[in-house]
Structure formats: C-alpha cells, structure tokens
Amino acid sequence: EKEYSLKCKLVTYAIESYWVIMVMDHIINDVFSTRIVEEELFLIYEAFLNGKPDPLEPLKLQFKDYVNLHNQHYAGEKLAFHQVWVEKTFKGITSGITPKSIYGPKLSGKAGSPGELENQTNLNKPSAGGYQFILSEDILREIQQVSSTMEVSMYTFLLSCYNIFLHQVSGQNDFVIDSPTTTRSNEDLSKIVGWLGGTLSLQIKFNENQSFRELVQLCNDNVLESMDHIHFHNYALGLGVA
C-alpha cells in the first residue's frame, strides 16, 4: 500500500559506464513483463539517441483493466461456473502419490550428473529441487513432428508423457496436475506489464489398457476444458489437499 511497485535508478560506476538497476514487485512482474520492459526500454533509448520521438503507442488496456476482468471471475455467474466445474472434476481426490521402486533404464538427474529414480521415497514431498530431463534436438524435432501429426500442442504431448512417467513411478493412474500459464489472451493484454498469470488445473484419469494416442486425446480434452477456468485460482481451498 505504501511502496512503489517499480523502482529504477541509474548508477555511474565508471566514465561513461552505467548500470540501470530496477526493482519490481512480483505483482507487476511475470516472465512476459520482464521482456516487455527490456524491449521497450531499448526502443525508447535508441529513439532518444537518434533524436526521434517516443516510438511506443499508448496502450489500449491498462493493468487495472485486466484486474477488473480477472475479478469478474470471483462473483456471480462466472464464480458459480468455476465452482460447479471444480466440484465435478476434483471431488474425492486424494493428495500426493505413493512412489514405488523402479528397476529399468537410468533416467537423467540434474544436467551433467546422471541419476536414477530407484527406491525414491520423497516424490510427493515439496522440494526446491526436482528432476531435470534434457531432450536432444533430434528427439525434440520428432516430438514436434508427432504432435503436429496428432494435431495437439507440444504441451499436451509432453503432458501425456508426464502422466506415463508418474504411472511408472507410482503404479497409479489418476493424477491432479497444475501448470502455471499466462492469461494474455489477446494482443492488447500481451502488451501490459503486470502479473497476468493463471493456473491450468487438470485431473487426468486414464486406463492402463488405453493406447498412447487415446491418452493424448484424453489430455487434450482436459486441457481445452481447463482453459475456461485458468482465472480461477482458489479451486484447491475446498478440496482439503495441498
């Protein structure tokens, strides 16, 4: 309520050498905002060096307009719409997974240090770390080609693979998965500096006898349905799970 959301200072540390130091509150800063600030700062600076006017056009929408749009999802018919979906989709879920031992090919742990998931017991515990999987350029091209052929996004394809991975480490086939996502749904919103983020909340429950193509279609259907609810962040509050 009292501090500025953005502070900026120019520091001279040598002759004709400077640092621009910026401190941004997280409420006005997501990964897209950082890019916008950087790109527009250089555009303005280049115009200044060349004696040209500010090249940026006034925004059609401000962050306060987005906030008003976002808050509409927490009242009236929109709130009821989200609550009905939450009750239908997530009722009766339980928290966490129960890992089992894995005896098979080694999986890559952190980059540069091979690791394996045998006898892991803490996969469902919060951790600052995690497993990092690095895809080779050849495999990435194959994924892009296959996902394009199946007419799904790369996210949906990798989500399907992730569910198979979770099944392998736990033996379970019913998972609730949250993914952070952007709510910059049009060109005007894409130009706003601010925290324009949502949550893609999914419950993927599949049959072990399903083919991979069927699993991909299941994930795709869930993603498309969940996209209607990315503004609603409080779905977990009434579920009794972390």
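As the structure is a prediction and not an experimental result, all values here were calculated from the model. (Residues numbered from 1 in each chain as written. Predicted model: local features only at pLDDT ≥ 70, side-chain atom pairs only at ≥ 80, totals over all residues. Heavy atoms only, no water.)

Asker: Describe the side chain of serine 179, with residues and values.
Answerer: Locating serine 179 in the fold gives a position in strand S5 (residues 174-182). For serine 179, a relative accessible area of 14% corresponds to the buried category. Among the polar contacts made by the side chain of serine 179, one reaches the side chain of tyrosine 155 at a distance of 2.7 Å. Beyond its immediate chain neighbours, meaning those up to four positions away, serine 179 contacts Tyr155, Gly198, Thr199 and Leu200. (Helix = DSSP H or I, 4+ residues; strand = E, 2+ residues; numbered from the N terminus. Buried < 20%, exposed > 50% of the residue type's maximum accessible area, 1.4 Å probe, protein only. Polar contact = N/O pair within 3.5 Å; in protein donor to acceptor, adjacent residues only side chain to side chain. Contact = heavy atoms within 4.5 Å.)

Asker: Talk me through the pattern of salt bridges; I want residue IDs and the actual numbers.
Answerer: Summed over all chains, the structure comprises six salt bridges. Arginine 184 is the salt-bridge partner of aspartate 30, the closest N and O atoms lying 3.1 Å from each other. Highlighted residues: aspartate 30 in the loop between strand S2 (17-24) and helix H1 (31-49) and arginine 184 in the loop between S5 and helix H6 (187-190), separated in sequence by 154 residues. Of the two residues, aspartate 30 and arginine 184, neither departs from the other in class, the shared state being buried. The network of salt bridges with shared partners includes Glu137, Asp138 and Arg141. (Salt bridge = Lys/Arg side-chain N within 4 Å of Asp/Glu carboxyl O.)

Asker: A description of a nonpolar patch on the surface should follow, citing residues and the corresponding values.
Answerer: A cluster of nonpolar side chains, contributed by Leu6, Leu10, Tyr18, Val20, Met22 and Leu41, occupies part of the molecular surface with about 550 Å² of accessible area. Mapped by element, the contributors of at least two residues to the nonpolar patch are strand S1 (6-14) and S2. In terms of residues, the nonpolar patch owes the most to one element, S2, which gives three residues. Residue placement: tyrosine 18 occurs in strand S2. We classify tyrosine 18 as partly exposed; its relative accessible area is 46%. (Patch = residues over 30% accessible without salt bridge, like charges linked within 9 Å, V, L, I, M, F, W, Y side chains within 5 Å. Areas by Shrake-Rupley, 256 points an atom, 1.4 Å probe, with all protein chains shown as cover.)

Asker: Tell me about unusual backbone geometry, residues and numbers included.
Answerer: The backbone of glutamate 16 shows a phi angle near 55°, a positive value even though the residue is not glycine. By relative accessible area, glutamate 16 is classed as exposed at 71%. For glutamate 151, which is not glycine, the phi dihedral falls at a positive 60°. Along the chain, glutamate 151 falls in the loop between helix H4 (137-149) and helix H5 (154-170). Given a relative accessible area of 71%, glutamate 151 falls into the exposed group.

Asker: Would you mind going over the packing of aromatic side chains in detail, with residue names and values included?
Answerer: In this structure the tally under the stated criterion is seven aromatic pairs. With a centroid separation of 5.5 Å and an interplanar angle of 35°, the aromatic rings of tyrosine 74 and phenylalanine 232 are classed as tilted. With a gap of 158 residues between them, tyrosine 74 in the loop between helix H2 (63-71) and helix H3 (76-90) and phenylalanine 232 in the segment after helix H7 (212-226) connect regions that are remote in the sequence. Arranged with centres 5.4 Å apart and planes meeting at 75°, the rings of phenylalanine 157 and phenylalanine 212 form a pair that is edge-to-face. Taken as a pair, phenylalanine 157 in helix H5 and phenylalanine 212 in helix H7 lie far apart in primary sequence, 55 residues in all. Take phenylalanine 157: its relative accessible area is 8%, and that puts it in the buried class. Under the relative-accessibility criterion, phenylalanine 212 is labelled partly exposed at 30%. In this structure, arginine 35 packs its charged tip against the face of phenylalanine 32, placed 5.3 Å from the ring centre. (Phe/Tyr/Trp six-rings, centres within 6.5 Å; stacked < 30°, edge-to-face > 60°. Lys NZ or Arg CZ within 6 Å of the ring centre and 35° of its normal.)

Asker: Give me the lowdown on H5, citing residues and values where you can.
Answerer: For H5, spanning 17 residues, the distance from its first C-alpha to its last is 24 Å, which sits close to the expected 24 Å at 1.5 Å a residue. Of the positions making up H5, those classed as buried are Thr156, Phe157, Leu159, Ser160, Asn163, Leu166, His167, Val169 and Ser170. Looking at the buried positions of H5, the neighbouring elements they touch are H4, S5, strand S6 (197-205) and H7. Immediately beyond the C-terminal end of H5, within one or two residues, lies glycine 171, with a positive phi of roughly 80°. (Expected span 1.5 Å × (residues − 1).)

Asker: Describe the side chain of threonine 183, and please don't skip the residues or the numbers.
Answerer: Mapped onto the fold, threonine 183 is located in the loop between S5 and H6. Here the side chain of threonine 183 touches tyrosine 66 through a polar contact of 2.6 Å, side chain to side chain. If we ignore the near neighbours within four places in the chain, the residues touching threonine 183 are Tyr66, Leu189, Leu196, Gly197, Gly198, Ile230 and His231.

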